[in-house]
Amino acid sequence: MTRAFNFSAGPAALPEPVLRQVQEELLEWRGERASVMEVSHRGKAFVACAAEAERDLRELAGVPDDYAVLFLQGGATLLAALLPMNLAGPEAGADYVLTGHWGEKALDNARVSLRARVAASAKADGYDHVPDPAGWDLDPDAAYVHITSNETIHGVEFRQVPDTGDVPLVVDASSNLLSEPLDVRRFGVIYGGAQKNLGPSGLAVAIVRRDLLGRHGRLLPPIFELLNQVKNDSMFNTPPTFAWYVLGLVLKWMKAEGGLAALGERNRRKAERLYAVIDGSGGFYRNPVRPEARSRMNVPFTLPDPALDPVFLKEAEAASLVGLKGHRAVGGMRASIYNAMPEAGVAALADFMADFARRHG
Ligand code: PMP
């Protein structure tokens, strides 16, 4: 068996050179005479590795000094719950804009901590677009506005950063973090799980404007207090060291590939290629998302008859294309094409899809 092109939504494909480096140095890492998994997170070698990852992330994304970068356990879901209690007190309001499943989940996790409400939602249209920001029902006194920059299941992506004035924008960027250049200053908080564009699961990243933390006035268990992680370089307790190390290697790979501008261009080309096959299939393949909100990272599509789904998946696997089964909430297929998916993988999928449509159309 050989490695296939892996279109999984997350955990997802990692760059092959990164996996090879992990393999090479798995037993003895940086002269430690032990694996990176076996040494103290407070030892010199790991502290240096952790700091290097933060430096590289700051450089890649252009993170200003007045923003903290956190590497945390618990995934995006835990952050969706911790951020509300860290950003404001229980009487404060927070506006949620819903463009899919994960925005709904973030709202569920916020409601117990403050007065979270829906400021706009595309649910009635089956989450096929981003509601026009001009029509958002925003509360000027809200502590923050929350969006999901890319809805991984519905395949809906914000292509513009909405202007929320003085109200900080909090974004769950789990599935498009560092997939193109961004202006960090437009956001109060950018957070996401690492397991799509950045590394293995078990780690989440948060880029937080420092002045937003520590003002909530709540009594929180110290481990829930994000300021404690900021003060302790994300080592208030034992961090997921192996995932952090791999993420560091992925960041180095991203720099070597030309940084976010080059990756963004490549990601745009990859997505265009798949949408061209879908739109050029004479209705065989369908993607329900309005063109201006189509995700560059997750391309969901359906076949003319669900009975064809298992046939598609079986033939795809035989062509070394795996991880294409869609999320059960929307059915059909989904091709996740994060940074680590090479253009050759997308080309192979596009050719397979065109051929499959010809044979089964
Ligand atoms: N938000 C988005 C946009 C996601 O895609 C996911 C995971 N698929 C999550 C949140 C939840 O992430 P985690 O499993 O890391 O908690």
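Just so you know, these numbers come straight off a predicted model, no measurement behind them.

A.B. asks: Would you mind going over the packing of helix α3 (residues 75–87) against helix α4 (residues 101–111) with me for this structure?
C.D. replies: When two helices pack together, you describe them by how their axes are tilted relative to each other and by the distance separating the axes. Where α3 contacts α4, the axes come no closer than 8 Å and their chain directions differ by 40°. Judged on the interaxial angle alone, α4 and α3 are oblique. Here α3 and α4 pass one another in a crossing that is right-handed. Contacts between α3 and α4 involve Thr-77, Ala-80, Ala-81 and Pro-84 on the former and, on the latter, Lys-105, Ala-106, Asn-109 and Ala-110. Class assignment of the residues belonging to the contact of α3 with α4 gives a composition of 5 nonpolar, 2 polar and 1 charged.

A.B. asks: How should I be thinking about the domain arrangement of the chain in this particular structure?
C.D. replies: Accessible area lost upon the coming together of the parts is a frequently used measure of interface size. Split by domain assignment, the chain resolves into domain 1 (16–256) and domain 2 (258–360). Relative to domain 2, the C-alpha centre of domain 1 lies at a distance of 27 Å. The interface of domain 1 with domain 2 comprises 25 residues on the first partner and 24 residues on the second. Here the residues of the side of domain 1 that touches domain 2 are counted per class, giving 8 nonpolar, 11 polar and 6 charged.

A.B. asks: It is not clear to me how the nonpolar core should be interpreted in this structure. Could you clarify?
C.D. replies: Note on soluble globular proteins: their nonpolar side chains tend to be buried together. In this structure, Val-189, Tyr-191, Val-205, Ala-206, Val-208 and Leu-247 are the most contacted members of the largest nonpolar core, which totals 113 residues. Tallying contributions element by element places helix α6 (residues 241–256) first for this core, with 9 residues. Val-205 has contacts with Leu-70, Phe-71, Leu-177, Tyr-191, Gly-192, Ala-194 and Leu-198, leaving out every residue within four places of it along the chain.

A.B. asks: When you look at the pairing of strand β3 (residues 93–98) in this model, what are you seeing that I'm missing?
C.D. replies: Consecutive side chains along a regular strand alternate between the two faces of the sheet. With respect to burial, β3 is a largely interior element, 5 of its 6 residues being buried. Across 6 bridges, β3 lies against strand β4 (residues 115–121) in parallel orientation. In the strand pairing of β4, Tyr-96 is matched with Val-118. For the crossover from β3 across α4 to β4, the handedness is right-handed.

A.B. asks: In this structure, what is going on with unusual backbone geometry? I would like to understand it.
C.D. replies: Backbone geometry follows two general trends: most residues other than glycine have a negative phi, and most peptide bonds adopt the trans configuration. Omega for the bond connecting Gly-10 with Pro-11 falls within 30 degrees of zero, at 0°, which places this linkage in the cis form. Position of Pro-11 relative to the elements: it lies in the loop between β1 (5–6) and α1 (16–24). Residue Asp-233 is not a glycine yet carries a positive backbone phi of 50°. Position of Asp-233 among the secondary structure elements: in the loop between α5 (226–231) and α6. The exposure class assigned to Asp-233 is partly exposed, which follows from the 16 C-beta atoms found within 10 Å. Not every positive phi belongs to a glycine, and Ser-320 is a case in point at roughly 65°. Locating Ser-320 in the fold gives a position in the loop between α8 (309–318) and β12 (321–322). The partly exposed category is assigned to Ser-320, around which 15 C-beta atoms lie within 10 Å.

A.B. asks: Would you mind going over α4 with me for this structure?
C.D. replies: Each turn of an α-helix holds 3.6 residues, which means side chains three or four residues apart point in the same direction. Of all the residues in α4, the buried ones are Trp-102, Gly-103, Ala-106, Leu-107, Asn-109 and Ala-110. Burial along α4 is one-sided: seen end-on, the buried residues are contained in an arc of 165°. Looking at the packing, one finds that the buried side of α4 touches α3, β3, β4, β5 (145–148), β6 (150–151) and β8 (169–172).

Each value, and the rule that gives it
- Residues numbered from 1 in each chain as written.
- Predicted model: local features only at pLDDT ≥ 70, side-chain atom pairs only at ≥ 80, totals over all residues.
- Axes fitted to C-alpha atoms, helices over the stretch in contact; angles between N-to-C directions.
- Helix = DSSP H or I, 4+ residues; strand = E, 2+ residues; numbered from the N terminus.
- Parallel < 35°, antiparallel > 145°, perpendicular 65-115°, else oblique.
- Left-handed = near helix turned anticlockwise from the far one by under 90°.
- Contact = placed C-beta atoms within 7 Å.
- Nonpolar A, V, L, I, M, F, W, Y, C, P; charged D, E, K, R; others polar.
- Domains from an automatic or database assignment.
- Core = buried A, V, L, I, M, F, W, Y, C linked by C-beta atoms within 7 Å.
- Buried ≥ 20, exposed ≤ 12 C-beta atoms within 10 Å, placed from the backbone.
- Pairing = 2+ DSSP bridges.
- Right-handed = clockwise from strand over helix to strand, strands pointing away.
- Arc of directions from axis to C-beta.

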